[in-house]
Amino acid sequence: GGIMAFFAQACRALRVSRLSQRAFSTGETVKTSGSIFQSDPENALSLIKKKGFIVDMDGVIYHGNRLLPGAIEFVSWLQKESKEFLFLTNSSERSPRELKEKLQRLGITVDASRFYTSALATASFLESQTPNGSAYVIGEPGLMVALYNAGFAMNEASPDYVVVGETRNYNFEKMATASNLVQQGARLIGTSCDVADRIGDYLVPSSGALIAPIELVTGVKAYFVGKPNPLMMRKAMQYLGCNREETVIIGDRMDTDIIAGVQSEIDTCLVLSGVTTAPDLKKYPFRPKMIAAGLFEVADGIKKAQSSSAVV
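What you are looking at is a predicted structure, and each value in this text was computed from that prediction instead of being measured.

Draft legend 1. Expanded view of the sheet that holds strand β12 (residues 223–224). If you walk across this open sheet you meet the 5 strands as β7-β6-β8-β9-β12, and the pairing is parallel. The open sheet terminates on both sides in strands that have one partner only, identified here as β7 (153–154) and β12. In this structure, strand β6 (residues 134–138) lies alongside β7, joined through 2 bridges in parallel fashion. Within β7, the residue paired with S134 across the bridge is A153. Of the strands in this sheet, β6, β7 and β8 (161–164) touch helix α7 (residues 141–149), which is tilted by about 170° from β6.

Draft legend 2. Local environment of the sheet that holds strand β15 (residues 290–292). The parallel open sheet is built from 6 strands, whose spatial order is β5-β4-β1-β13-β14-β15. Two strands bound the open sheet, and with one partner strand each, they are β5 (115–117) and β15. The sheet shows a mean angle of 20° between the axes of neighbouring strands, taken without regard to direction. In the sheet, strand β13 (residues 247–251) pairs with strand β14 (residues 267–271) via 4 bridges, with the strands oriented parallel. Note on β14: the bridge partner recorded for I249 is T268. Relative to the sheet, helix α6 (residues 118–129) contacts β4 (84–89) and β5, its axis offset from that of β5 by approximately 65°. Running over the sheet, helix α10 (residues 230–240) touches β1 (52–55), β4, β5 and β13 and is turned about 155° from β4.

Draft legend 3. View of the environment of R105. Mapped onto the secondary structure, R105 falls in helix α5 (residues 96–105). Taking relative accessible area as the criterion, R105 reaches 62% and is therefore assigned exposed. C-alpha separation for the pair R105 and N65, spaced 40 residues apart in sequence, amounts to 9.1 Å.

Draft legend 4. Expanded view of the pattern of salt bridges. Throughout the structure, instances matching the rule amount to 15 salt bridges. Each of the salt bridges in this network shares a partner with another, and the network as a whole consists of D194, D197, R253 and D255.

Draft legend 5. Summary view of the environment of A186. Here A186 lies in the loop between α8 (172–183) and β9 (187–190). For A186, a relative accessible area of 6% gives the class buried. In this structure, the C-alpha to C-alpha distance between A186 and V162, residues 24 residues apart in sequence, is 6.1 Å. Those residues in contact with A186 that lie beyond four places of it in its chain are P159, D160, Y161, V162 and L181.

Draft legend 6. Summary view of the packing of α8 against helix α9 (residues 207–218). Running from N to C, α8 and α9 point in directions that differ by 45°, and their axes come no closer than 9 Å. In terms of orientation, α8 and α9 fall into the oblique class. Along this stretch, α8 crosses α9, giving a crossing that reads as right-handed. Note on element contacts: α9 touches α8 through P213, I214, V217 and T218, opposite M175, A178, S179, V182 and Q183. When grouped by side-chain class, the residues that make up the contact of α8 with α9 number 6 nonpolar, 3 polar and no charged.

Draft legend 7. Inspection of the packing of aromatic side chains at higher detail. For the structure shown, the criterion picks out 8 aromatic pairs. Aromatic side chains F53 and F74 sit 6.1 Å apart centroid to centroid with 70° between the ring planes, which places their arrangement in the edge-to-face category. One end of the pair, F53, is in strand β1; the other, F74, is in helix α4 (residues 71–80), and 21 residues separate them in sequence. Each member of the pair, F53 together with F74, is buried. Between F85 and F87, the ring centres sit 5.8 Å apart and the planes meet at 75°, which makes this aromatic pair edge-to-face. Among the aromatic residues, those joined into a ring-pair cluster are F53, F74 and W77. Between the NZ or CZ atom of R187 and the centre of the ring of Y161, over which it lies, the distance is 4.6 Å.

Draft legend 8. Examining unusual backbone geometry more closely. Across the junction of K227 and P228, the peptide omega takes the value 10°, indicating a cis bond. Relative to the helices and strands, P228 resides in the loop between β12 and α10. A positive phi angle, near 55°, is found at S82, a position not held by glycine. For S82, the location among the structural elements is in the loop between α4 and β4. A relative accessible area of 62% means that S82 is categorised as exposed. Located in the positive-phi region is N132, a residue other than glycine, with phi close to 55°. Secondary-structure assignment places N132 in the loop between α6 and β6. Assessed through its relative accessible area of 65%, N132 is described here as exposed.

Thresholds applied
- Residues numbered from 1 in each chain as written.
- Predicted model: local features only at pLDDT ≥ 70, side-chain atom pairs only at ≥ 80, totals over all residues.
- Heavy atoms only, no water.
- Pairing = 2+ DSSP bridges.
- Helix = DSSP H or I, 4+ residues; strand = E, 2+ residues; numbered from the N terminus.
- Contact = heavy atoms within 4.5 Å.
- Axes fitted to C-alpha atoms, helices over the stretch in contact; angles between N-to-C directions.
- Buried < 20%, exposed > 50% of the residue type's maximum accessible area, 1.4 Å probe, protein only.
- Salt bridge = Lys/Arg side-chain N within 4 Å of Asp/Glu carboxyl O.
- Parallel < 35°, antiparallel > 145°, perpendicular 65-115°, else oblique.
- Left-handed = near helix turned anticlockwise from the far one by under 90°.
- Nonpolar A, V, L, I, M, F, W, Y, C, P; charged D, E, K, R; others polar.
- Phe/Tyr/Trp six-rings, centres within 6.5 Å; stacked < 30°, edge-to-face > 60°.
- Lys NZ or Arg CZ within 6 Å of the ring centre and 35° of its normal.

See the structure below:
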(Lines give C-alpha, C1' and ligand atoms only; values in the text may rest on other atoms or scores of the structure.)
Protein backbone atom coordinates (compact mmCIF):
# COMPACT_ATOMS: atom_id res chain seq x y z
CA GLY A 1 0.00 0.00 0.00
CA GLY A 2 2.78 2.41 1.01
CA ILE A 3 4.72 1.82 -2.21
CA MET A 4 1.68 2.46 -4.39
CA ALA A 5 0.88 5.61 -2.39
CA PHE A 6 4.45 6.82 -2.99
CA PHE A 7 4.16 6.03 -6.71
CA ALA A 8 0.81 7.85 -6.92
CA GLN A 9 2.25 10.88 -5.12
CA ALA A 10 5.21 10.98 -7.50
CA CYS A 11 2.93 10.64 -10.50
CA ARG A 12 0.72 13.51 -9.40
CA ALA A 13 3.77 15.70 -9.93
CA LEU A 14 3.72 14.74 -13.61
CA ARG A 15 1.13 17.21 -14.86
CA VAL A 16 -0.20 16.67 -18.36
CA SER A 17 1.05 19.36 -20.70
CA ARG A 18 -1.53 21.97 -21.66
CA LEU A 19 -1.16 20.94 -25.26
CA SER A 20 -2.24 17.36 -24.56
CA GLN A 21 -5.02 18.46 -22.20
CA ARG A 22 -6.53 20.56 -24.94
CA ALA A 23 -6.23 17.68 -27.36
CA PHE A 24 -8.45 15.34 -25.41
CA SER A 25 -10.66 17.59 -23.31
CA THR A 26 -11.80 20.23 -25.77
CA GLY A 27 -11.26 18.42 -29.05
CA GLU A 28 -9.04 21.25 -30.29
CA THR A 29 -6.77 20.28 -33.17
CA VAL A 30 -3.18 19.98 -32.05
CA LYS A 31 -0.62 21.54 -34.38
CA THR A 32 2.61 19.57 -34.83
CA SER A 33 5.32 19.41 -37.42
CA GLY A 34 4.21 15.91 -38.47
CA SER A 35 1.68 14.76 -41.05
CA ILE A 36 -1.51 16.25 -39.63
CA PHE A 37 -4.52 14.07 -40.34
CA GLN A 38 -6.93 16.88 -41.19
CA SER A 39 -4.50 18.89 -43.32
CA ASP A 40 -3.95 16.12 -45.88
CA PRO A 41 -7.03 14.45 -47.43
CA GLU A 42 -4.80 11.55 -48.54
CA ASN A 43 -4.66 10.37 -44.91
CA ALA A 44 -8.41 9.72 -44.75
CA LEU A 45 -8.43 8.20 -48.24
CA SER A 46 -5.62 5.78 -47.32
CA LEU A 47 -7.56 4.67 -44.20
CA ILE A 48 -10.75 4.12 -46.22
CA LYS A 49 -8.81 1.73 -48.48
CA LYS A 50 -7.42 -0.31 -45.57
CA LYS A 51 -8.99 -3.70 -44.82
CA GLY A 52 -7.49 -4.37 -41.37
CA PHE A 53 -7.36 -2.09 -38.32
CA ILE A 54 -5.34 -2.74 -35.14
CA VAL A 55 -6.67 -0.32 -32.52
CA ASP A 56 -5.24 0.39 -29.06
CA MET A 57 -7.80 1.06 -26.32
CA ASP A 58 -6.70 3.18 -23.36
CA GLY A 59 -5.92 6.69 -24.60
CA VAL A 60 -7.58 5.96 -27.96
CA ILE A 61 -11.10 4.66 -27.20
CA TYR A 62 -11.34 5.74 -23.56
CA HIS A 63 -9.59 7.22 -20.53
CA GLY A 64 -10.46 5.08 -17.52
CA ASN A 65 -14.26 5.04 -17.58
CA ARG A 66 -14.64 8.03 -19.90
CA LEU A 67 -15.30 7.45 -23.59
CA LEU A 68 -13.19 9.67 -25.84
CA PRO A 69 -14.78 11.81 -28.59
CA GLY A 70 -15.17 10.05 -31.95
CA ALA A 71 -14.80 6.50 -30.58
CA ILE A 72 -18.42 5.50 -31.21
CA GLU A 73 -18.42 7.05 -34.70
CA PHE A 74 -15.14 5.38 -35.66
CA VAL A 75 -16.11 1.88 -34.45
CA SER A 76 -19.53 2.25 -36.12
CA TRP A 77 -17.75 3.08 -39.37
CA LEU A 78 -15.52 -0.03 -39.04
CA GLN A 79 -18.63 -2.19 -38.54
CA LYS A 80 -20.68 -0.53 -41.30
CA GLU A 81 -17.84 -0.93 -43.82
CA SER A 82 -17.26 -4.59 -42.74
CA LYS A 83 -13.62 -3.86 -41.90
CA GLU A 84 -11.52 -6.43 -40.05
CA PHE A 85 -10.52 -4.92 -36.70
CA LEU A 86 -8.90 -5.97 -33.45
CA PHE A 87 -8.51 -4.09 -30.19
CA LEU A 88 -4.91 -4.81 -29.19
CA THR A 89 -4.07 -3.70 -25.66
CA ASN A 90 -0.97 -3.89 -23.49
CA SER A 91 -3.27 -3.98 -20.48
CA SER A 92 -3.35 -7.38 -18.75
CA GLU A 93 -5.93 -6.38 -16.15
CA ARG A 94 -9.16 -7.54 -17.83
CA SER A 95 -10.30 -10.53 -19.87
CA PRO A 96 -11.75 -10.02 -23.37
CA ARG A 97 -15.24 -10.58 -21.92
CA GLU A 98 -14.70 -7.86 -19.31
CA LEU A 99 -13.37 -5.50 -22.00
CA LYS A 100 -16.43 -6.24 -24.14
CA GLU A 101 -18.68 -5.43 -21.16
CA LYS A 102 -16.76 -2.23 -20.44
CA LEU A 103 -17.17 -1.00 -24.02
CA GLN A 104 -20.84 -1.96 -23.90
CA ARG A 105 -21.33 0.21 -20.80
CA LEU A 106 -19.68 3.07 -22.72
CA GLY A 107 -22.02 2.58 -25.71
CA ILE A 108 -19.96 0.42 -28.10
CA THR A 109 -21.07 -3.15 -28.88
CA VAL A 110 -18.44 -5.55 -30.22
CA ASP A 111 -17.81 -9.29 -29.83
CA ALA A 112 -15.33 -10.53 -27.18
CA SER A 113 -13.27 -12.13 -29.97
CA ARG A 114 -12.29 -8.60 -31.11
CA PHE A 115 -9.97 -8.15 -28.11
CA TYR A 116 -6.42 -9.41 -27.70
CA THR A 117 -4.56 -8.49 -24.52
CA SER A 118 -0.97 -8.70 -23.31
CA ALA A 119 -2.24 -11.26 -20.75
CA LEU A 120 -3.38 -13.58 -23.58
CA ALA A 121 -0.12 -12.99 -25.47
CA THR A 122 1.91 -13.76 -22.32
CA ALA A 123 -0.07 -16.94 -21.61
CA SER A 124 0.30 -18.08 -25.22
CA PHE A 125 4.06 -17.44 -25.18
CA LEU A 126 4.64 -19.24 -21.87
CA GLU A 127 2.49 -22.19 -22.93
CA SER A 128 4.64 -22.59 -26.07
CA GLN A 129 7.83 -22.38 -23.99
CA THR A 130 6.88 -24.52 -20.97
CA PRO A 131 3.62 -26.48 -21.39
CA ASN A 132 1.82 -27.01 -18.05
CA GLY A 133 4.34 -24.78 -16.31
CA SER A 134 3.98 -22.75 -13.13
CA ALA A 135 4.19 -19.07 -12.27
CA TYR A 136 4.27 -16.61 -9.41
CA VAL A 137 2.05 -13.77 -10.62
CA ILE A 138 1.89 -10.11 -9.63
CA GLY A 139 -1.15 -8.83 -11.48
CA GLU A 140 -4.91 -8.64 -11.76
CA PRO A 141 -7.47 -11.43 -12.47
CA GLY A 142 -7.29 -11.00 -16.27
CA LEU A 143 -3.66 -12.17 -16.21
CA MET A 144 -4.23 -15.04 -13.78
CA VAL A 145 -7.24 -16.37 -15.71
CA ALA A 146 -5.30 -16.25 -19.00
CA LEU A 147 -2.46 -18.28 -17.43
CA TYR A 148 -4.88 -20.79 -15.85
CA ASN A 149 -6.61 -21.25 -19.20
CA ALA A 150 -3.21 -21.92 -20.79
CA GLY A 151 -2.64 -24.77 -18.30
CA PHE A 152 -0.41 -22.91 -15.85
CA ALA A 153 -0.43 -23.50 -12.08
CA MET A 154 0.14 -20.73 -9.55
CA ASN A 155 3.23 -21.43 -7.45
CA GLU A 156 4.87 -19.30 -4.74
CA ALA A 157 7.63 -21.78 -3.84
CA SER A 158 9.50 -22.85 -7.00
CA PRO A 159 7.79 -21.50 -10.12
CA ASP A 160 9.17 -21.66 -13.64
CA TYR A 161 8.33 -17.98 -14.11
CA VAL A 162 7.71 -14.76 -12.23
CA VAL A 163 5.12 -12.84 -14.27
CA VAL A 164 4.42 -9.16 -13.63
CA GLY A 165 1.48 -7.18 -15.05
CA GLU A 166 -0.13 -3.93 -13.99
CA THR A 167 -1.84 -4.04 -10.59
CA ARG A 168 -3.12 -1.79 -7.83
CA ASN A 169 -2.06 -4.33 -5.19
CA TYR A 170 1.71 -3.94 -5.26
CA ASN A 171 3.68 -4.06 -2.03
CA PHE A 172 7.09 -4.76 -0.55
CA GLU A 173 6.25 -8.39 0.26
CA LYS A 174 5.36 -9.19 -3.37
CA MET A 175 8.45 -7.39 -4.64
CA ALA A 176 10.67 -9.30 -2.20
CA THR A 177 9.06 -12.68 -3.00
CA ALA A 178 9.44 -12.10 -6.74
CA SER A 179 13.09 -11.03 -6.30
CA ASN A 180 13.87 -14.15 -4.21
CA LEU A 181 12.24 -16.48 -6.75
CA VAL A 182 14.14 -14.91 -9.65
CA GLN A 183 17.40 -15.33 -7.72
CA GLN A 184 16.47 -18.99 -7.26
CA GLY A 185 16.16 -19.43 -11.02
CA ALA A 186 12.61 -18.41 -12.01
CA ARG A 187 12.55 -16.54 -15.33
CA LEU A 188 11.27 -12.96 -15.23
CA ILE A 189 8.43 -12.02 -17.60
CA GLY A 190 6.62 -8.69 -18.00
CA THR A 191 3.26 -8.43 -19.76
CA SER A 192 4.36 -5.10 -21.26
CA CYS A 193 7.22 -2.63 -21.07
CA ASP A 194 4.81 0.31 -20.50
CA VAL A 195 6.23 2.30 -17.60
CA ALA A 196 3.13 4.47 -17.11
CA ASP A 197 -0.55 4.68 -18.03
CA ARG A 198 -2.73 7.75 -18.01
CA ILE A 199 -5.62 7.94 -15.56
CA GLY A 200 -7.43 11.24 -15.99
CA ASP A 201 -4.82 14.00 -15.97
CA TYR A 202 -2.05 11.94 -14.37
CA LEU A 203 0.37 9.18 -15.27
CA VAL A 204 0.37 6.16 -12.95
CA PRO A 205 2.82 3.21 -12.78
CA SER A 206 2.27 0.32 -15.18
CA SER A 207 3.96 -3.10 -15.47
CA GLY A 208 7.29 -1.70 -16.71
CA ALA A 209 7.62 0.42 -13.56
CA LEU A 210 6.50 -2.38 -11.26
CA ILE A 211 9.01 -4.89 -12.66
CA ALA A 212 11.94 -2.42 -12.56
CA PRO A 213 12.72 -2.87 -8.82
CA ILE A 214 12.87 -6.68 -9.32
CA GLU A 215 15.29 -6.19 -12.25
CA LEU A 216 17.44 -3.84 -10.16
CA VAL A 217 17.58 -6.18 -7.16
CA THR A 218 18.32 -9.35 -9.15
CA GLY A 219 20.37 -7.96 -12.03
CA VAL A 220 18.07 -9.93 -14.36
CA LYS A 221 16.42 -8.23 -17.34
CA ALA A 222 12.75 -9.11 -17.89
CA TYR A 223 11.39 -10.38 -21.20
CA PHE A 224 8.35 -8.30 -22.24
CA VAL A 225 5.64 -9.96 -24.33
CA GLY A 226 3.28 -7.05 -25.14
CA LYS A 227 3.63 -4.40 -27.85
CA PRO A 228 6.05 -3.71 -29.51
CA ASN A 229 7.08 -7.39 -29.30
CA PRO A 230 6.65 -8.89 -32.83
CA LEU A 231 4.94 -11.93 -31.23
CA MET A 232 1.92 -9.84 -30.29
CA MET A 233 1.80 -8.07 -33.64
CA ARG A 234 2.00 -11.40 -35.48
CA LYS A 235 -1.01 -12.68 -33.52
CA ALA A 236 -2.94 -9.54 -34.47
CA MET A 237 -2.09 -9.93 -38.16
CA GLN A 238 -3.10 -13.61 -38.08
CA TYR A 239 -6.45 -12.67 -36.55
CA LEU A 240 -7.14 -10.00 -39.18
CA GLY A 241 -6.07 -12.21 -42.08
CA CYS A 242 -4.77 -9.11 -43.90
CA ASN A 243 -1.36 -8.41 -45.38
CA ARG A 244 0.89 -5.54 -44.29
CA GLU A 245 -0.18 -3.14 -47.05
CA GLU A 246 -3.86 -3.60 -46.11
CA THR A 247 -3.36 -2.92 -42.38
CA VAL A 248 -2.98 0.12 -40.12
CA ILE A 249 -2.34 0.45 -36.37
CA ILE A 250 -3.93 3.31 -34.42
CA GLY A 251 -2.47 4.09 -31.00
CA ASP A 252 -1.52 6.79 -28.51
CA ARG A 253 2.05 5.73 -27.71
CA MET A 254 5.16 6.20 -29.83
CA ASP A 255 7.13 3.72 -27.69
CA THR A 256 4.73 0.77 -28.15
CA ASP A 257 1.97 1.25 -30.75
CA ILE A 258 3.82 3.28 -33.36
CA ILE A 259 7.17 1.49 -33.11
CA ALA A 260 5.27 -1.84 -33.31
CA GLY A 261 3.71 -0.67 -36.58
CA VAL A 262 7.02 0.64 -37.94
CA GLN A 263 8.81 -2.63 -37.15
CA SER A 264 5.95 -4.66 -38.67
CA GLU A 265 6.03 -2.42 -41.78
CA ILE A 266 2.38 -1.38 -41.51
CA ASP A 267 0.98 2.14 -41.67
CA THR A 268 0.69 3.99 -38.37
CA CYS A 269 -1.69 6.62 -36.99
CA LEU A 270 -0.78 8.36 -33.73
CA VAL A 271 -3.62 9.96 -31.77
CA LEU A 272 -2.60 12.67 -29.27
CA SER A 273 -5.41 11.77 -26.87
CA GLY A 274 -3.30 9.55 -24.60
CA VAL A 275 0.29 9.24 -23.38
CA THR A 276 2.41 10.70 -26.23
CA THR A 277 2.09 14.47 -26.65
CA ALA A 278 3.11 16.59 -29.64
CA PRO A 279 6.33 17.87 -27.95
CA ASP A 280 7.34 14.21 -27.28
CA LEU A 281 7.62 13.50 -31.02
CA LYS A 282 11.04 15.11 -31.34
CA LYS A 283 12.50 12.52 -28.91
CA TYR A 284 11.95 9.65 -31.37
CA PRO A 285 14.03 8.79 -34.45
CA PHE A 286 10.93 7.40 -36.22
CA ARG A 287 7.66 9.06 -37.25
CA PRO A 288 4.06 7.96 -37.49
CA LYS A 289 2.57 8.13 -41.00
CA MET A 290 -0.40 10.14 -39.68
CA ILE A 291 -1.04 12.23 -36.56
CA ALA A 292 -4.51 13.12 -35.28
CA ALA A 293 -5.70 14.93 -32.16
CA GLY A 294 -8.00 11.98 -31.45
CA LEU A 295 -10.40 9.51 -33.05
CA PHE A 296 -12.90 12.36 -33.48
CA GLU A 297 -10.55 13.85 -36.08
CA VAL A 298 -10.08 10.47 -37.81
CA ALA A 299 -13.84 9.81 -37.95
CA ASP A 300 -14.51 13.34 -39.18
CA GLY A 301 -11.82 13.10 -41.90
CA ILE A 302 -13.21 9.77 -43.14
CA LYS A 303 -16.75 11.17 -43.22
CA LYS A 304 -15.65 14.22 -45.23
CA ALA A 305 -13.61 12.09 -47.67
CA GLN A 306 -16.52 9.73 -48.27
CA SER A 307 -18.95 12.63 -48.72
CA SER A 308 -16.73 14.36 -51.27
CA SER A 309 -16.10 11.14 -53.21
CA ALA A 310 -19.86 10.45 -53.22
CA VAL A 311 -20.45 13.94 -54.67
CA VAL A 312 -17.85 13.32 -57.38
